[in-house]
Amino acid sequence: MSDDPLVEAIPDLPKVVLHDHLDGGLRPQTVLELADAVGHHVPAHDAESLAQWFQQAADSGSLVRYLETFDHTLAVMQTPEALARVAKEAVLDLASDGVVYAEQRWAPEQHLTRGLSLEATVEAVQAGIEAGVAEAAAGGRTIVVGQLVTAMRHADRWQEIAELAVAYRDRGVVGFDIAGPEDGFPPDRHAGIWRYLADNDFPVTIHAGEAAGPASIAQAVHLGQADRIGHGVRIIEDIAFDDETQTATLGRLAHWVRDHQIPLEVAPVSNLQTSATAAKTIAEHPITRLKELDFAVTLNTDNRLMSRTSMSHEMRLLVQHAGWTIDDLADVTIAAAWGTFQHHDARRALVEDVIVPGFQKIEGALL
Ligand SMILES: [Zn+2]
């Protein structure tokens, strides 16, 4: 509980999440049940201990331990039933947190160990999403959810996965992403796919500026023609701050990203866990500075299980530790709505019919 009325009202605010991994957002109890069903060993035997194990492993500062967490979630997501269940529960969990629009990303190539085809994985996830949306609606919550299909940087299936994403563009897939080891596996590793995606007028977001610096962001926006950047927080390295005069001088790339208002999908809790930023606290996290400088900052969860977070939790931390107001929360939510991989008219409807009235209602109640 908090005595700040805004903090209390956060769960009721309408939210948009653009960067949330399906394999990073399972309910701990579901991991236990699915693991039991397939005989997969997990490191804890009740939901609370397992939740703590995931968070501690992700928090340990060891990339090996961080990646190990995904071994467990991926191991239990290898059948159509498991994929559909996880997708459905993700939609329900987001909806109950006030999320009205979500894009859920995941890498189909990581779900083939029990013989599924790439197509079957996408269809299973879509069935789960649709079931979740319907159940949320029956419970009085409206949510729209799209899939982002991810190719793993270190695997060499980018073209195949890009074609998969495009093939399912009218059946739930709204965009393409690359994830995995950013350093050493740059977009020019398979430069042709970006042209293929552009030729198909297909939306792209690229994880960049998380584990590598501005040069990685430059490739994402110039070669990858990324419509959004996954994290992108290291764009801060292309900005010089003079604390004495309180001025910021942007480098050419920082100007480019800001001039084009390329949405940055920032996930503060995750960034602190993976040391994507030199900041050690939410108060120091560059999201606030980037927002003050008028970058198109959006707020995200990344991996709700590993970070033990939610959109409400991320918002609460920024209000309590970085001085954010309800207007700041509205700004990032509206920026995210305009950055969704929907067409312009749908984005406008989301902003004007859902986000703005939703915030006004809470703001009115807080006065
Ligand atoms: Zn991510």
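Let us look at the structure shown here. (Residues numbered from 1 in each chain as written. Predicted model: local features only at pLDDT ≥ 70, side-chain atom pairs only at ≥ 80, totals over all residues. Heavy atoms only, no water.)

### Some details on the overall build of the chain
Then, number 1: Of the regular secondary structure elements, the chain holds 15 helices and ten strands.
Then, number 2: Relative to its length of 367 residues, the chain is compact, with a C-alpha radius of gyration of 19 Å against a globular reference of 21 Å.
Then, number 3: Looking at the chain residue by residue over its 367 residues, the buried ones come to 55%.
Then, number 4: Partitioning the contacts of the chain with sequence separation of at least 6, the portion at a separation of at least 24 is 73%.
Then, number 5: Each charge class in the chain can be summarised by its mean position, and for the 27 positive and 54 negative side chains these summaries are 2 Å apart. (Helix = DSSP H or I, 4+ residues; strand = E, 2+ residues; numbered from the N terminus. Rg over C-alpha atoms; globule rule 2.2 N^0.38 Å. Buried < 20%, exposed > 50% of the residue type's maximum accessible area, 1.4 Å probe, protein only. Contact = heavy atoms within 4.5 Å. Lys, Arg positive; Asp, Glu negative; His and termini not counted. Charge placed at Lys NZ, Arg CZ, Asp CG, Glu CD.)

### Details of the pairing of strand β4 (residues 173–179)
Then, number 1: With respect to burial, β4 is a largely interior element, seven of its seven residues being buried.
Then, number 2: Two elements, strand β3 (residues 144–152) and β4, share six bridges in a ladder whose sense is parallel. Bridge pairing in β4 places Gln147 opposite Val173.
Then, number 3: Where the polypeptide runs from β3 across helix α7 (residues 158–167) and back to β4, its parallel neighbour, the crossover connection is right-handed.
Then, number 4: The parallel pair β4 and strand β5 (residues 204–208) is bridged by helix α8 (residues 192–199), and the resulting crossover is right-handed. (Pairing = 2+ DSSP bridges. Right-handed = clockwise from strand over helix to strand, strands pointing away.)

### Notes on the environment of Ala330
Then, number 1: The residue Ala330 is located in helix α14 (residues 326–339) in this model.
Then, number 2: Taking relative accessible area as the criterion, Ala330 reaches 12% and is therefore assigned buried.
Then, number 3: Counting along the chain gives 307 residues from Ala330 to Asp23, while the straight-line C-alpha distance between them is 28 Å.

### Thoughts on the sheet that holds β4
Then, number 1: A sheet is described by the order of its strands in space; here eight strands give the open sequence β1-β2-β3-β4-β5-β6-β9-β10, paired in parallel fashion. Two strands close off the open sheet at either side, each with one partner strand: β1 (15–21) and β10 (297–299). Within this sheet the neighbouring strands show an average axis-to-axis angle of 25 degrees, counted without direction.
Then, number 2: Each of β2 (99–106), β3 and β4 touches helix α6 (residues 118–138); the most contacted strand, β3, lies at about 155 degrees to it.
Then, number 3: Contacts from helix α15 (residues 344–366) reach β1 and β2 within the one sheet, and its direction differs from that of β2 by about 125 degrees. (Axes fitted to C-alpha atoms, helices over the stretch in contact; angles between N-to-C directions.)

### Structural notes on the pattern of salt bridges
Then, number 1: If you walk through the whole model with that rule in mind, you get 19 salt bridges.
Then, number 2: With a shortest N-O distance of 3.5 Å, Asp243 and Arg289 are connected by a salt bridge. In this pair, Asp243 sits in the loop between β7 (239–242) and β8 (247–250) while Arg289 sits in helix α12 (residues 287–292), placing the two residues 46 residues apart along the sequence.
Then, number 3: Relative accessible area serves as the criterion here: at 55%, Asp243 is assigned to the exposed category.
Then, number 4: Put simply, Arg27, Glu33, Arg85, Glu89 and Asp93 are held in one network by salt bridges that share partners. (Salt bridge = Lys/Arg side-chain N within 4 Å of Asp/Glu carboxyl O.)

### With respect to the coordination of the zinc ion
Then, number 1: His19 (NE2), His21 (NE2), His207 (NE2) and Asp302 (OD) make up the full set of protein donors to the zinc ion, lying at 2.1 to 2.4 Å.
Then, number 2: Around the zinc ion sit four donor atoms; with metal-centred angles ranging over 83 to 172 degrees, the donor geometry is irregular.
Then, number 3: Along the chain, the residues that donate to the zinc ion are spaced as H-x1-H-x185-H-x94-D. Of this pair, His21 sits in strand β1 while Asp302 sits in the loop between β10 and α13 (311–322), placing them 281 residues apart in sequence. For the pair His21 and Asp302, one class covers both residues: buried. (Donors = N, O, S within 2.8 Å, 3.2 Å for Na, K, Ca; no water. Tetrahedral: all angles 85-135°; square planar, octahedral: opposite > 155°, others 65-115°.)

### A closer look at the packing of helix α2 (residues 28–38) against helix α5 (residues 80–96)
Then, number 1: In contact at an axis separation of 11 Å, α2 and α5 are set at 175 degrees when each is read in the N-to-C sense. It follows that α2 is roughly antiparallel to α5 by the angle criterion. Together, Thr30, Glu33 and Leu34 of α2 and Ala82, Arg85, Val86 and Glu89 of α5 make up the contact between the two elements.
Then, number 2: Of the residues assigned to the contact of α2 with α5, the class counts are three nonpolar, one polar and three charged. (Parallel < 35°, antiparallel > 145°, perpendicular 65-115°, else oblique. Nonpolar A, V, L, I, M, F, W, Y, C, P; charged D, E, K, R; others polar.)

### Details of the environment of Glu81
Then, number 1: One can find Glu81 in helix α5.
Then, number 2: Residue classification places Glu81 among the exposed residues on the basis of a relative accessible area of 59%.
Then, number 3: With 47 residues separating them in the primary sequence, Glu81 and Leu34 have C-alpha atoms 9.9 Å apart.

### Digging into the packing of aromatic side chains
Then, number 1: One pass over the full model with this rule turns up four aromatic pairs.
Then, number 2: Judged by centre distance (5.9 Å) and plane angle (55 degrees), the ring pair of Tyr66 and Phe70 falls under tilted. One end of the pair, Tyr66, and the other, Phe70, are both in helix α4 (residues 63–75), four residues apart, so they sit about a helical turn from each other. For the residue pair Tyr66 and Phe70, the accessibility class agrees, reading buried in each case.
Then, number 3: Centroid distance Trp158 to Trp194: 6.2 Å. Interplanar angle 70 degrees. Geometry classified as edge-to-face. Of this pair, Trp158 sits in helix α7 while Trp194 sits in helix α8, placing them 36 residues apart in sequence. (Phe/Tyr/Trp six-rings, centres within 6.5 Å; stacked < 30°, edge-to-face > 60°.)

Don't take any of this as a statement about function, it's just geometry.
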